[in-house]
Every structure is written in C-alpha cells, then in structure tokens.
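Listed below, chain by chain, are the residues.
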Amino acid sequence: MTCSPPPFNLAISNFAKTAKKLTFVGQVGPINPGSLNLGSQGNEDVVFIPEKDGMGGITTQSGFVLTMDPMSGQQISFVSNNAGYGSPMPLGPLSTDSYPNFLVQSVKSTHNVIAFQFDDTTPTNNRYMLATGNPGAGTFNSPGGWIVLNTNFINAPVPPFFFTNARVIGVSIYPDPNPALDRSYWLFRDTGGNNYLEGEFDVSQNPITPPGIAVRGLATYDISSFVGNLAKRVLYYFNPVTARSYVSVWNSPASPGVWSNWVWIDAVPTNGQLTGVDHRIDALLTTGELFSTEGNIGRVFDPTTPTGSLEATFPLSDVRFIGEVYIGGTPTILFSQALWFGNQVTFNVYSIPTSQLKTLGQ
Amino acid sequence: MPFTVSAQTAEPSSGLQRSLLLYVDQQQKGGLTENQLLVLSRSLLISLQAGIPGIAVSDAAGSGQSASPAALSDLALKAGADFWLWAQVSVDAGKTQLHVRGFDILAQEKKFDATLTRESLLSPLELPFEKWDDLVSLVTSSLSSGEPQGQGTPGPQEVTLTVRALPGTLITGPGGAKAQAGKDGFASLSFPAPGEYSLHATLSGYYPLTRRFFLSDNREVFLEQTPHSWWALDASLLEMGYPSFDVSRFILLNSLYVKLGITTYAVGLAFTDTQAFTSNPLTNLVLQTGIYLRPDDVLFRPYVNLGAFLRIVVAPGTLVGIDPLSWGGLQFSIGTEIGRSPRGRFFFEYQPMLYAASVPGLFQASFGSGNPPAGWSFSPKSAFNFLCFRVGYRWPL
C-alpha cells in the first residue's frame, strides 16, 4: 500500500504556472465553514473579498466571504482575523438567467461592503445595500437595508424617459484612485420603451445619493437592436477616460444563444459589435481592456480594435476574480482562491498590476 | 611464501577396536552409474581404512537396503559394526556433493551430518584417487569424541592452509591471524586440525570474501575474488507504489558514490477501495550522493544519501516542464542493503522528502479536499513527507 497519494494534481500544477506570476497578498483562514453557514466543497463557490482600507490599499485581515450555494442561495459574511462576526446576510437565490444576480465589492472604509442585487424577471426590484461589520460588537448588518435602484437617481426626467419607474439593468464598479470612493456606472432603461440612459454614482461608505451624473447628458437612445426589446439585464461597463460604453449580452437578438459584446461611443447610434470579444465580460479594466473569466479561463481583450481582439488567455482553475482596485496608486487585479482542507476553508488572495495581467497568458 | 605452525593433538586413549559400516547410495538421478557408485564406495572405504588406523571398515554399497537410520543400525549390527557411515552422492551444476551422516551405535548418538563438496565432477578415473581427508577427519573426530575410541586414532595436528589469491590480498583467520598474499599470490596459515575455520580476504578494488574450510590435512585453496563494481543499478518502489530506477557511480570505491535516478508516477500501485493503480504525468529526477557506513560483506550494510529531486510534468497540451507548483526539493535517505552477495542485494530505505512549494496552500490542495494525508506536514512554502519508504534491489554493474 502506498504511504500516501501522489503529491500531484495536474489542474493545480497548471494553475500554479499562473499563480507564480501573481503576487501572493495573503492567506485568510483556516475558517470553520460552519461558522459562516457555509456548506462544504463541492456545493459551495466561495470568494473572499478583502477590505479596501480607505488608505489606498487593501487588507486581508478583514473582508467579506461571498458564497454561492445552489442549495441555499447566496449570502455574504463578514470575517475579521479569521473569524466570522454577526449573521451572514442572505442575497437571495442564484440567477435563473445567464447573468450573475449580484455585484458585491468592499468599499473604501473600514468593514463596509456594497451589494447590488438584480431580479431576473422584475428589474424594478433591482436594489443595493451597504452593510457594515463590527468585530467589537460581533455584528454584521445593514443600517439602511436594501434600497431600490430605480427611484429618482437621475435628475429631471425628460420625456419620454420616466425615471420614477426606470429600470437599472446593469451596474459596474470602476476603480478610482480617490482613497475614499470608487465609481459606479448604471444603465437605465425607460419604463416601457427602449430608451436608455447612463449614469455615474459614487460608491463609498455612504449611501448612494441622487442625483448622479448622466454621463451622456439626458439624451436617450435605443440600443434594443443588440440588448433586446425591453431588456431586463445586461452586463454594463463605462470607460470614463474614453467615454466608451460596453455591454455583454447573453442571447442578443443579433447574436442569439451566445455571449456577444457591444460598444457605443455616443448617444447616437454609433455602435458596433465586438465580434472578436466572444465571451462574457466581467470587468472593464483601467487599461481600457475587457476582462472575461467565463469558464474559469482568463481572457483579456482589446476593445479598441475595430471588432475587438483577444490579447491573452490563461487558466484560472478555481481562482475567482474579485475586482480591480488601486493599491498604492497602482491599478491592480485581485483574485481569491478557496482551499478546502478537511473541514476547514482557507482563502488565498492574489494580485497583479492590471498592466501586467496579459503576462499571465505568456 | 607458504609457512607452517605446529600444534598439539590429543592422545589416543582406549584400545577398543571400532568397526564401521559404510553405506553409499545416491539421490535419484544422482548422476553416477552403478559401477561408479561402487568405485566411489571403495574409494571411501580405502580412505577410511588408510586414514584411521585400527578401524575395521566394511562396505555395504549395493545392498539395496533402505537408508533409514534404524535400517542402517540393523545392517551395521548384522555386519558386526558399531558405527555406521551413510554417504549419499549427488552430482549437479558441475559439483560433486557427498552428504554424509555418522552414527555411533555404542553411544546411540549421531556424530555428524555434513555435506562435502568437490568443486568438479569426479570422473571414473579420478574417483579412486580422490582424497577424502575431510571425511576421514569427520569420522576420526567422531570416534575420538565418544568414549570408545579406535586404537591408533590420530591426535591433533597442525596443518597448513595455503591460500591462492590476488597479490596483496589480506587474509585474516581466527583469532586475528593474518597473512598477505605475496607477489606470487600465495599466503599460508596454519591451524590445529581437524577443524572448521573461517577466512576473511580483503583487497582494495575487490569484494571481500569470507570462506569456511574444514581442515584435516594440509590444503590449498583458491579464492575467486570479484572486482568491485564502480557502477550499480537500483530498481525500487517509492512509497511501496511508484517505480524508481537509479544508477550509482562510486567516487571512492566501495564507499562514496553519486546516484542519478528517476521515479515515475505514470504508473503506481494504489490499493484503495476504488482503484488498484494510479497514473499521473509526473516524474522525479533525483541526484544524490551517498556513503556506505559499513563494509560490504556484512549482512546489513547501512548507508545514507542526500540529494535533490526535480519534478517534471509531461502532460502535452496542458503542461510540460518543471512543475510550477513545486520544482522539487531535497531528500534524505537512510537505508540498509540486506545480504552479502556481490551479485545483488535487496535494500530498504527510509526517505523523508522536503518539497518546495511556490504558492502557499496549493501543494496541500493538490491532495484534494480531504484531511491532509498521513505522514505529511505543510508550511506556506514547503511540504514535508516524513513517512516515506523505498524498497528495491541493487545490482552491481
């Protein structure tokens, strides 16, 4: 009988090729999964989101564990010094469509996190919540609770746009070098028509307060040719540097049955499909590139070429993309990896300067 | 040059006439014809009569009797003998062996049970002239050790053992007596006879030899010394499951060596509830240096190794090259060879291995999500397998 199993796992070794190019930020845990109401490996997809420390960096000493359990739905927990505090906050069921139902990121203050929730069938229910952990009090809660997105977030409705009932069908968070806040970009759709509008809102420890900024003014435009008639959900990104907007659409009427990606540069129909970008887009990076983690494969696309082009591909194995943050003034990509040993879960957090992300494919 | 040393022998004591019955047969397919068997019997008879003064020897070869001790005793009594000697000959693999057993009927005691070997096939022409001094000595000592002794039984004497060996060979005998083979290749030692003695022969560059001899008279022996090999090949199983092959090259002959090896995980024995074999596209290349801690003619010859290993992954299309998770590590082993044969020996090693890990936690994760395997401990940048063993066989080349 062998003394032990072979000390080898091809998938992990293959990922290590990628991981060696990443900076190991830190390790969180081991944590008893039961303390976070987690299940076990196999039915849990868990991500550790380190805290943004409000000083232009991150810390793994505290953070948030986002879990996506097909059995019990999704939830977020607060962890500090490898221990959970308060009760996990439920985020509802997994999405029934191809879009993620949640966008969760820590915000630039101590122990705060923001979660956007999207309702597959009723986008008027889309909402957000700020939650705060307190290790001293042993609590994790949201003083303001869930706040519906579609109520008066943009000033001065202009017919035919009816903001009181407008749908926010896509939200993205874009990192900002400001140590106190990041930016979020929202894509609004008119109540009953295909009129669209984009807005910008600060994300910080404070609740998002209207009015936001209509990034292309209050002119509305119709993009239903590629997002679909009365679209309920897209993955939306806005580049404040180039003023280019992107959507990643599942089952677009122009490209049914697949993820397709589209760009527009103004409020008039100057738009086009990025046919070279053929996977779900999970982030618009500060480099102007689009990043996909679909199928646990990292793909970096250059969307500035006429149809977009693939720049790099690399395996992510069981590593999860957390987001892009500024660390010491440098835009940096963060990844989380859950490692299950026996009845304990440990998280590795990795980073890489955004400008070097493509090197993972070399 | 040969030399001799004298020694005292016992005095004959009683004048009791002893009579011996000699019974000779052969194993089935023993290789001798009936005539040859008869010649052998007579050769033994003559040697006994000539070598043991005063003894009466009768020959029962060809009697067709069973060779059971009881039957031989009956046969001896009927022949008026008080001692029987049964000799069974066999010829095999170029050797002639004589299994002899002596029984003293007066003392009702088995006196000896031995095998005498002639390192050649005895031809019919040689048989009558073969000296059976060793047998004569056995019988003589048996008769003199019991209360009844044959008249004229020879007493102890000093005999000379002349050893032919490679020049420079150091011969060590009982009690630390030493002699060194000169340029002519001869060394001599003297011993009280009869008796059985052990000689140890050493010569740099050659495997040491230990030989046992029964001496009843002056004798010359030839030591067939085998040159020590500079190379060795190991075939083994790491962790009782993964095949390994190593080639060793001595730096200091018979002592210090370097070793290059390969361990593959492509095929391994698993013996789990669900599988008998495992297969992983991983191969370890191992470079070690080691040293033996004892001479190589001991039954258990310990050694230690220290080296490094490199993990090579060959998974075309996915990963080919040094394992990015762990380039390899260091390994130490302490083991022992078992046996004295210069042709090959089994070995057993305890071999803890220290793995370098490039990413904290990932090496441990490569074992899966269960509890950490027994015998392993993990740190952020390393993993230590402290319960690792290897068994195998080593051939000098």
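This paragraph deals with the sheet that holds strand E13 (residues 196-203) of chain A. Strands in a sheet are paired, the pairing made by backbone hydrogen bonds, and the direction either parallel or antiparallel. Residues and elements named next belong to chain A. Pairing is antiparallel in the open sheet, where four strands are placed in the order E11-E12-E13-E14. Because the sheet does not close on itself, it has two edges, and the strands there are strand E11 (167-174) and strand E14 (213-218). Within the sheet, the average angular offset between the axes of one strand and its neighbour, ignoring direction, is 20°. Strand direction decides the pairing type here: strand E12 (residues 182-189) and E13, joined by eight bridges, are antiparallel. Of the residues in E13, the one forming a bridge with Arg-183 is Asp-202.

A separate point is the interface of chain A and chain B. The interface is formed by 26 residues belonging to chain A together with 41 residues belonging to chain B. It is helix H1 (residues 10-19) of chain A that contributes the most residues to the side of chain A that touches chain B, seven residues altogether. Looking at the side of chain A that touches chain B, its residues break down into 14 nonpolar, 10 polar and two charged.

It is worth spelling out the environment of B:Lys259 at this point. Residues and elements named next belong to chain B. Relative to the assigned elements, Lys-259 resides in strand E15 (residues 256-264). Classification of Lys-259 by C-beta neighbours within 10 Å gives partly exposed; the count is 18. The spacing of Lys-259 and Val-286 is 27 residues in sequence and 7.8 Å in space, taken between C-alpha atoms. Among all residues touching Lys-259, those that are not within four sequence positions of it are Asp-246, Val-247, Ser-248, Gln-288, Gly-290 and Asn-305.

Once that is clear, we can look at unusual backbone geometry. Omega for the peptide link from A:Gly29 to A:Pro30 comes to 5°, which places this bond in the cis form. With respect to the helices and strands, A:Pro30 occurs in strand E1 (residues 23-31). If you check the backbone angles, A:Leu230 has positive phi at about 50° while not being a glycine. The class for A:Leu230 is partly exposed, based on 15 C-beta atoms found within 10 Å. With a phi close to 70°, B:Asn254 is a non-glycine residue in the positive phi region. Structurally, B:Asn254 is set in the loop between strand E14 (242-252) and E15. Judged by the 17 C-beta atoms lying within 10 Å of it, B:Asn254 falls in the partly exposed class.

This part covers the pairing of strand E21 (residues 328-338) of chain B. Residues and elements named next belong to chain B. Examined bridge by bridge, strand E19 (residues 300-315) and E21 share 11 bridges and lie antiparallel to one another. Residue pairing for E21: Asn-305 is matched across the bridge by Ser-333. Sheet analysis places E21 next to strand E23 (residues 353-356), joined by three bridges and oriented antiparallel. Within the sheet, the bridge partner assigned to Leu-330 lies in E23 and is Leu-354.

Moving on, we come to the pairing of E12(A). All names here are of chain A. Burial of E12 is extensive: seven of the eight residues sit out of reach of the surface. In the sheet, E11 pairs with E12 via seven bridges, with the strands oriented antiparallel. Looking across to E12, one finds that Ile-173 is bridged to Ser-184. Linkage of E12 to E13, two consecutive antiparallel strands, is achieved through a turn of six residues.

A word on the sheet that holds strand E6 (residues 157-164) of chain B. Residues and elements named next belong to chain B. Read across the sheet, three strands follow the order E9-E6-E12 without closing on themselves; strand pairing throughout is mixed. The open sheet is flanked by strand E9 (186-193) and strand E12 (219-222), the only strands paired with a single partner. Between one strand axis and the next, the sheet turns through 25° on average, direction left out of account. Pairing analysis gives eight bridges linking E6 to E9, with the strands arranged antiparallel. Bridging across to E9, Val-159 finds its partner in Phe-191.

Definitions and limits used
Residues numbered from 1 in each chain as written. Chains lettered and ligands numbered in written order. Predicted model: local features only at pLDDT ≥ 70, side-chain atom pairs only at ≥ 80, totals over all residues. Pairing = 2+ DSSP bridges. Helix = DSSP H or I, 4+ residues; strand = E, 2+ residues; numbered from the N terminus. Axes fitted to C-alpha atoms, helices over the stretch in contact; angles between N-to-C directions. Contact = placed C-beta atoms within 7 Å. Nonpolar A, V, L, I, M, F, W, Y, C, P; charged D, E, K, R; others polar. Buried ≥ 20, exposed ≤ 12 C-beta atoms within 10 Å, placed from the backbone.

Just distances and angles here, no functional claims.
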